[in-house]
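# Understanding the architecture of this molecule
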Amino acid sequence: MPKNFQSSSNVACAVLILAAGQGKRMRSSLPKVLHEVAGQSMISHLLDRVREALPGAPIGLVVGHGRDQVEAAIHAYPGVNELNLTFIDQPEQRGTGHAARCAMDSAWGAEVVRKKIPVLVLPGDLPLVSAELIREVSETLGRSAWMRLLSCELPDPTGYGRVIRKGKTGPVLRIVEEKDASDRERLVREVGTSIYCFNSAFLKSGLSRLSTKNAQGEYYLTDLVAQASRAKKGVEVLVWPHAEELRGVNDLWELSEAGRLLNERCLRRWAKNGVKFVAPQSTWVESTVVFEGTAEVEPNVLLKGTTRIGDGARLGPHLVLKNVQVGPQAVVKAGTVAEDAIIGAQAQVGPYAHLRPGTRVGEACKVGNFVELKQTSLGKKTSVAHLSYLGDAEVGARVNIGCGFVTCNYDGKSKSKTVIEDDVFMGSDCQAVAPVKIGKGAYVASGSTITADVEAGALAVARSRQVVKPGYASKYRK
Ligand code: UD1
Ligand code: CA
């Protein structure tokens, strides 16, 4: 064992994330850490918290099962450029101790040991861990401590490694895995969480002394606790009071439970900032969504991706909004589905509107029931109140689109554009066969099929003239 386990006190902490396991209990071919919960993979949640707690810390990420898939996912992670990340290969999954050893035997580990930086270990399957927890575990170790262990008390400790102490509350002696534990040891409710802070020299040397003499024939990282405890005052223990943060995800049900808790955490935070959720249990808000001020959200609302909700907006019930910007004071009514769209301030959308990608609804517009918009912009105070489809259209301000308007934007080969300038009045049941332009202030008579441009200020009538034959109905009946 090296003599000097003292780490220099002013250097940051390194972070070692164990993510090479297959996650057999997930019953899925997707590597465990890539399973999504609350809109993000488990590993992205963890990386978000690490960045928040320890910005710039060198991160060693141990990958093995599905290595290429995990690496590709991390390269696509939005904050990847802010990470000081090194991938470490664990060619065979021989246990948590073996994963850590692969890291400490790599160039990354050598650098950490050379710089005497303590190593915070995190398993990849704890998406609920908070930044506060990471900060506290990574605080400088006491002078004589070789490691800090994070434990917690669980009402049902099944499946976790048990923390065995001298007497009931004395110093920690070791951790015993469930499969190796005696009946008496299984009664212990204090469990190891797989989160530790290690003196790097101890970690490196301790890992080389692990054996596989246990029920699973694996190298257990947990065995370092017994090693450190045999040296006086070797182990510091931090008993974390918020056990729900330490829920590991080992199967799909635990993934759902983690999703529920992440969602609840997110809603609580927004509620404290002035967002009213009428039914939090049926409202799902991904962690990437932003409320800019107060808002009111009715039951059964799903907000995803980069959605931003302006101050004073009212949403729901029954909505799905993905990457949608909702302006201040806007109202999005029942049954509306929108994606990659912008809804202006004070606009009213729905009930049952469908805003497809590329839609921009201007300020104070009205988009009513059964209206579908795609790659379409509406200027200020424009109204499309009922039963219409507009695709690839540029519509000006104060335009009134009557009921049942359709842009015929597709000829079977390509898409064409419809331009409707400011102050146009479009009667009900009209079609515009694109490409076509209807000039400013023009008036289109109901039932018209517009196939040629209409100049500004003109009246366009494109339907056959009505014929009335007096008395014909009764004649016809006879
Ligand atoms: C582990 C702990 C247990 C603790 C529990 C807390 C050990 C031996 N047991 O058990 O005491 O109560 O976490 O959640 O450490 N991994 C690798 N390579 C491997 C094996 C695992 O990278 O060869 C990774 C996994 O991807 C996972 C993490 O290590 O992210 C933990 O492994 P897992 O198999 O889930 O350990 P547990 O059985 O949960
Ligand atoms: Ca686990």
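Read on for an overview of the structure.

What counts and how
Residues numbered from 1 in each chain as written. Chains lettered and ligands numbered in written order. Predicted model: local features only at pLDDT ≥ 70, side-chain atom pairs only at ≥ 80, totals over all residues. Heavy atoms only, no water. Helix = DSSP H or I, 4+ residues; strand = E, 2+ residues; numbered from the N terminus. Buried < 20%, exposed > 50% of the residue type's maximum accessible area, 1.4 Å probe, protein only. Contact = heavy atoms within 4.5 Å. Areas by Shrake-Rupley, 256 points an atom, 1.4 Å probe, with all protein chains shown as cover. Lys, Arg positive; Asp, Glu negative; His and termini not counted. Charge placed at Lys NZ, Arg CZ, Asp CG, Glu CD. Pairing = 2+ DSSP bridges. Donors = N, O, S within 2.8 Å, 3.2 Å for Na, K, Ca; no water. Patch = residues over 30% accessible without salt bridge, like charges linked within 9 Å, V, L, I, M, F, W, Y side chains within 5 Å. Salt bridge = Lys/Arg side-chain N within 4 Å of Asp/Glu carboxyl O. Axes fitted to C-alpha atoms, helices over the stretch in contact; angles between N-to-C directions. Parallel < 35°, antiparallel > 145°, perpendicular 65-115°, else oblique. Left-handed = near helix turned anticlockwise from the far one by under 90°. Nonpolar A, V, L, I, M, F, W, Y, C, P; charged D, E, K, R; others polar. Expected span 1.5 Å × (residues − 1). Polar contact = N/O pair within 3.5 Å; in protein donor to acceptor, adjacent residues only side chain to side chain. Core = buried A, V, L, I, M, F, W, Y, C linked by side-chain atoms within 4.5 Å. Near = heavy atom within 4 Å.

### Observations regarding the overall build of the chain
Along the chain, the regular secondary structure elements total 10 helices and 37 strands. When its C-alpha atoms are laid out on the principal axes, the chain stretches across 110 × 40 × 40 Å. Going through the 478 residues of the chain one by one, you find that 50% of them count as buried. In the chain, the proportion of contacts linking residues at least 24 apart, taken out of those at least 6 apart, comes to 43%. Within the structure as shown, the chain displays about 23,200 Å² of accessible surface, and the carbon and sulfur contribution to it stands at 50%. Each charge class in the chain was averaged separately, 61 positive and 49 negative side chains, and the resulting centres sit 1 Å apart.

### With respect to the side chain of Thr222
Here Thr222 lies in the loop between helix H7 (200-207) and helix H8 (223-230). Residues contacting Thr222, with those up to four places away along its chain left out, are Ile175, Glu177 and Tyr196.

### Regarding the pairing of strand S19 (residues 319-326)
Here four bridges tie strand S16 (residues 301-304) to S19, and the two strands are oriented parallel to one another. In the sheet register, Leu303 faces S19, and the bridge partner there is Leu321. In the sheet, strand S17 (residues 308-309) pairs with S19 via two bridges, with the strands oriented parallel. Looking at S19, one finds that Arg308 is bridged to Gln325. By the bridge criterion, six bridges tie S19 to strand S21 (residues 337-343) in an arrangement that is parallel. The partner of Val326 across the bridge, within S21, is Ile343.

### Focus: the coordination of the calcium ion (ligand 2)
Here the calcium ion (ligand 2) is held by Asp125 (OD) and Asn250 (OD1), and the distances to it run 2.4 to 2.7 Å. Residue Asp125 is located in the loop between strand S6 (119-123) and helix H5 (131-137), and its partner Asn250 is located in the loop between strand S11 (235-239) and helix H9 (252-272); the two are separated by 125 residues in the primary sequence. The exposure class assigned to Asn250 is buried, which follows from its relative accessible area of 19%.

### Thoughts on a nonpolar patch on the surface
A cluster of nonpolar residues, Phe425, Tyr443, Leu459 and Val461, forms a patch on the protein surface that exposes about 390 Å² of accessible area. Positionally, Tyr443 belongs in strand S35 (residues 443-444). Here Tyr443 falls in the partly exposed class, since its relative accessible area comes to 44%.

### Quick notes on the packing of helix H3 (residues 96-104) against H7
A pair of packed helices is characterised by two quantities: the angle between their axes and the separation of those axes. Axis separation between H3 and H7 bottoms out at 9 Å; the angle between their running directions is 120 degrees. Classified by the angle between their axes, H3 and H7 sit oblique to one another. With respect to the hand of their crossing, H3 and H7 are arranged in left-handed fashion. Each of Gly97, Ala100, Arg101 and Met104 in H3 lies in contact with H7, whose residues at this interface are Ser200, Leu203, Lys204 and Leu207. In terms of residue class, the contact of H3 with H7 is built from four nonpolar, two polar and two charged.

### Notes on the pattern of salt bridges
If you walk through the whole model with that rule in mind, you get 27 salt bridges. We note a salt bridge from Glu236 to Arg148, for which the minimum N-O separation is 2.9 Å. Of this pair, Glu236 sits in strand S11 while Arg148 sits in strand S7 (residues 147-153); the two residues are 88 residues apart in sequence, bridging distant segments of the chain. Here Glu236 falls in the partly exposed class, since its relative accessible area comes to 24%. Residue class for Arg148 comes out buried when judged on its relative accessible area of 8%.

### Side note on H9
Taking 1.5 Å of rise per residue, the 21 residues of H9 would be expected to cover 30 Å, and the 30 Å separating its terminal C-alpha atoms lies within 8% of that figure. Along H9, the residues that are buried comprise Leu255, Glu257, Ala258, Gly259, Leu261, Leu262, Asn263, Cys266, Leu267 and Trp270. Where H9 begins, the capping side chain belongs to Asp251, and its oxygen is found 3.1 Å from the backbone nitrogen of Trp253. Where H9 terminates, the next one or two residues include Gly274, which has phi positive at roughly 105 degrees.

### Observations concerning the nonpolar core
Grouped together as the largest cluster of nonpolar side chains are 53 residues, with contacts concentrated most on Phe291, Leu321 and Val326. Ranked by the residues each element gives to this core, the list is headed by S19, at four residues. Not counting chain neighbours up to four residues away, the residues in contact with Val326 comprise Arg308, Ile309, Gly310, Ala313, Leu315, Leu321, Val332 and Ile343. In this structure, Cys13, Val63, Val129 and Leu133 belong to the second largest nonpolar core, which totals 39 residues.

### Looking at unusual backbone geometry
Between Gly316 and Pro317 the backbone carries a cis peptide bond, its omega angle lying at 5 degrees. Structurally, Pro317 can be placed in the loop between strand S18 (313-315) and S19. In this model, Gly350 is joined to Pro351 through a cis peptide bond whose omega is 5 degrees. Position of Pro351 relative to the elements: it lies in the loop between strand S22 (348-349) and strand S23 (354-355). If you check the backbone angles, Arg27 has positive phi at about 55 degrees while not being a glycine.

### Concerning the site of ligand 1
Lining the immediate environment of ligand 1, one finds 24 residues, of which Gln90, Thr96, Glu177, Gly192 and Ser194 sit closest. At 2.6 Å from an oxygen atom of ligand 1 is found a side-chain nitrogen or oxygen belonging to Glu177. Notes on ligand 1: free accessible area 760 Å², of which the protein chains cover 89%. Within the residue set of the shell around ligand 1, elements represented by two or more residues are H3 and strand S10 (190-198). When residues of the shell around ligand 1 are assigned to their parent elements, the largest contribution, three residues, is made by S10. A per-class count over the shell around ligand 1 returns seven nonpolar, 12 polar and five charged.

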